[in-house]
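Structural description and commentary
Given next are the chains, with one letter for each unit.
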Amino acid sequence: MACDGLIALDKSFSEFHLSLSGAQFDLASTIRALLCHLPLQVHRRHVKGHLDKHRPFSQLDWWEQRNVEVDSKAQSYRRLLESTGRLAASNPRFFHEPVSLFIDGVKSSKLDQAHIMEQVSLPALRAYWSSKDRLSKQSIREVDWLSLARAMKALPANLQRWTPKHISGMTGVGKCLAIWNRSAKSSCPRCSSCPVEDHLHVPHCSAPTAAAEWSKRHLAFWTWMQTQQTAPEIEAFLFEYLKTVRQPSLGVPTVRAWSCHPHLFQRAISSQATLGAQGLLEGLVSPNWRHLQALHFSYIGSKKSVNLWASRLIQQLIRMGHYMWKDRNRLAHSEDSSWYTARKREIDIGIREQFAMGLMDTPPHSQYLFRD
Ligand SMILES: [Zn+2]
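All of these numbers come straight from a predicted model, not from anything done at the bench.

With that settled, consider the packing of helix 6 (residues 145-154) against helix 14 (residues 306-332). At a closest axis distance of 8 Å, the pairing of helix 6 and helix 14 adopts a crossing angle of 65°. Judged by the sense of rotation from one axis to the other, the crossing of helix 6 with helix 14 is right-handed. Residues Ser147, Leu148, Arg150, Ala151, Met152 and Ala154 of helix 6 touch helix 14, and the partners they reach there are Asn307, Leu308, Ala310, Ser311, Ile314, Gln315 and Ile318. Looking at the contact of helix 6 with helix 14 residue by residue, the classes come out as eight nonpolar, four polar and one charged.

Printed below as a string of structure tokens:
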């Protein structure tokens, strides 16, 4: 048996443990099973590939000629798949394949644990999101999950932990801190208009420091989009739509920016609108932005990676929300906090009441503290 892949040969003929998650596990395990059952002694041979590029076909030995022939057949098959719009070949169960895993009717060539986990947990998770009005069945399809996954992996560890906690509402805000007995108050420490502060209030807060922080981060996001050669129509829409996080009455903005691809631009706007401005701040973006940006990079001759652009765009949005939460924390632990002001008022009242009671119950050795 001959092959131009040395690693594939080693996998097929070795007696070492074959990893279930290794590439082409199905093929290597089938070859091993066949080698065990055949009443023949099979020898391995490594053949250098693509030798016809260096020598005439007639000067190649028998093995090298067969390698050129199977390579040619493989290339023809790949062209046939591409011409019919198929990205991957079908992968039927091999004769004598010891065990096979089919997901949605497609055989897996290896054990992909992440893929299996998705099959088990995603249907239940999607149903839960729908029941909680977090994401509808339609809006789940509008999220650029690939870019979001890439962004989450690229974020620092603290933001990887903070993001799911904050988005699910189980985070350091008045409502949760009161439930966890970490705070006597559930109100917003920045403004006096929110008796129960939840995670959605953090970017909405009407306090002057929250407004100033938002303006600063909103402008920084605009600057980032410009430095990354973002398509002007994407810049204009995302900047305007983020304003509705603090002013929901603004609704989905009508952006009068010119676009080379007006239909795709409109599709992206409709798609993003199903995810909402709060969803945008949480990094839920439509994949149509990535497609539109890819066309823009191509139009301006940029060699930037659109996948990296999409990942960094999401990171910027998540960081905006995190900065708003940090501003809330900074104020909560300062003397400008509404919590601090209320506590100070309570203590002042307590002191006055004690003075009004006089020295009657005060121990003799402490009475000197209260004399003029
Ligand atoms: Zn507030």
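More follows now that the structure is in view.
In terms of domain boundaries, the chain breaks down into domain 1 (2-108), domain 2 (112-141) and domain 3 (143-332). In this structure, domain 2 and domain 3 have C-alpha centres spaced 22 Å apart. Counting residues at the interface gives seven residues for domain 2, matched by seven residues for domain 3. Each partner contributes to the roughly 560 Å² buried at the junction of domain 2 and domain 3, and carbon and sulfur atoms together form 55% of this total. Taken as a group, Arg134, Leu135 and Ser139 account for 63% of the area that domain 2 buries against domain 3, more than any other trio of residues on that side. Inspection of the region where domain 2 meets domain 3 yields one salt bridge. Taking the shortest distance from any N to any O, the salt bridge between Glu282 and Arg134 comes out at 2.8 Å. Among the elements that make up the side of domain 2 that touches domain 3, the one with the highest residue count is helix 5 (residues 137-140) (three residues). Along the lines of polarity and charge, the residues of the side of domain 2 that touches domain 3 split into three nonpolar, two polar and two charged.

Tallied over the full model, the rule gives zero disulfides. Free cysteine Cys3: the closest other cysteine sulfur is in Cys36, separated by 19 Å.

With that out of the way, let us pick up the packing of aromatic side chains. Within the structure shown, the criterion is met by eight aromatic pairs. The interplanar angle of 90° and the centroid separation of 5.1 Å between the aromatic rings of Trp62 and Trp63 together place this pair among those described as edge-to-face. Here Trp62 falls in the exposed class, since its relative accessible area comes to 52%. Overall, Trp63 belongs to the partly exposed group, its relative accessible area being 31%. Measuring from centroid to centroid gives 5.2 Å for Phe237 and Tyr241, while their planes differ by 35°, and the two rings are tilted. One end of the pair, Phe237, and the other, Tyr241, are both in helix 11 (residues 232-246), four residues apart, so they sit about a helical turn from each other. On the accessibility criterion, Tyr241 (4% relative accessible area) is buried.

Turning to the environment of Leu264, a few remarks are in order. Positionally, Leu264 belongs in helix 12 (residues 262-281). Each residue touching Leu264, except ones within four places of it in the same chain, is listed here: Asn288, His291, Leu292 and Leu295.

Here the focus is the coordination of the zinc ion. Each donor-metal-donor angle would ideally measure 109.5 degrees in four-coordinate tetrahedral geometry, or 90 or 180 degrees in six-coordinate octahedral geometry. Around the zinc ion, the protein contributes the donor atoms Cys188 (SG), Cys191 (SG), His201 (NE2) and Cys205 (SG), which lie 2.1 to 2.3 Å from the metal centre. Here the zinc ion binds four donor atoms, and the angle range of 103 to 112° at the metal identifies the geometry as tetrahedral. Here the donor residues of the zinc ion are spaced in sequence according to C-x2-C-x9-H-x3-C. Each member of the pair, Cys188 as well as Cys191, carries the same accessibility label: buried.

Conventions used here
Residues numbered from 1 in each chain as written. Predicted model: local features only at pLDDT ≥ 70, side-chain atom pairs only at ≥ 80, totals over all residues. Heavy atoms only, no water. Axes fitted to C-alpha atoms, helices over the stretch in contact; angles between N-to-C directions. Helix = DSSP H or I, 4+ residues; strand = E, 2+ residues; numbered from the N terminus. Left-handed = near helix turned anticlockwise from the far one by under 90°. Contact = heavy atoms within 4.5 Å. Nonpolar A, V, L, I, M, F, W, Y, C, P; charged D, E, K, R; others polar. Domains from an automatic or database assignment. Buried area = accessible area lost by both parts, 1.4 Å probe. Salt bridge = Lys/Arg side-chain N within 4 Å of Asp/Glu carboxyl O. Disulfide = S-S within 2.5 Å. Phe/Tyr/Trp six-rings, centres within 6.5 Å; stacked < 30°, edge-to-face > 60°. Buried < 20%, exposed > 50% of the residue type's maximum accessible area, 1.4 Å probe, protein only. Donors = N, O, S within 2.8 Å, 3.2 Å for Na, K, Ca; no water. Tetrahedral: all angles 85-135°; square planar, octahedral: opposite > 155°, others 65-115°.

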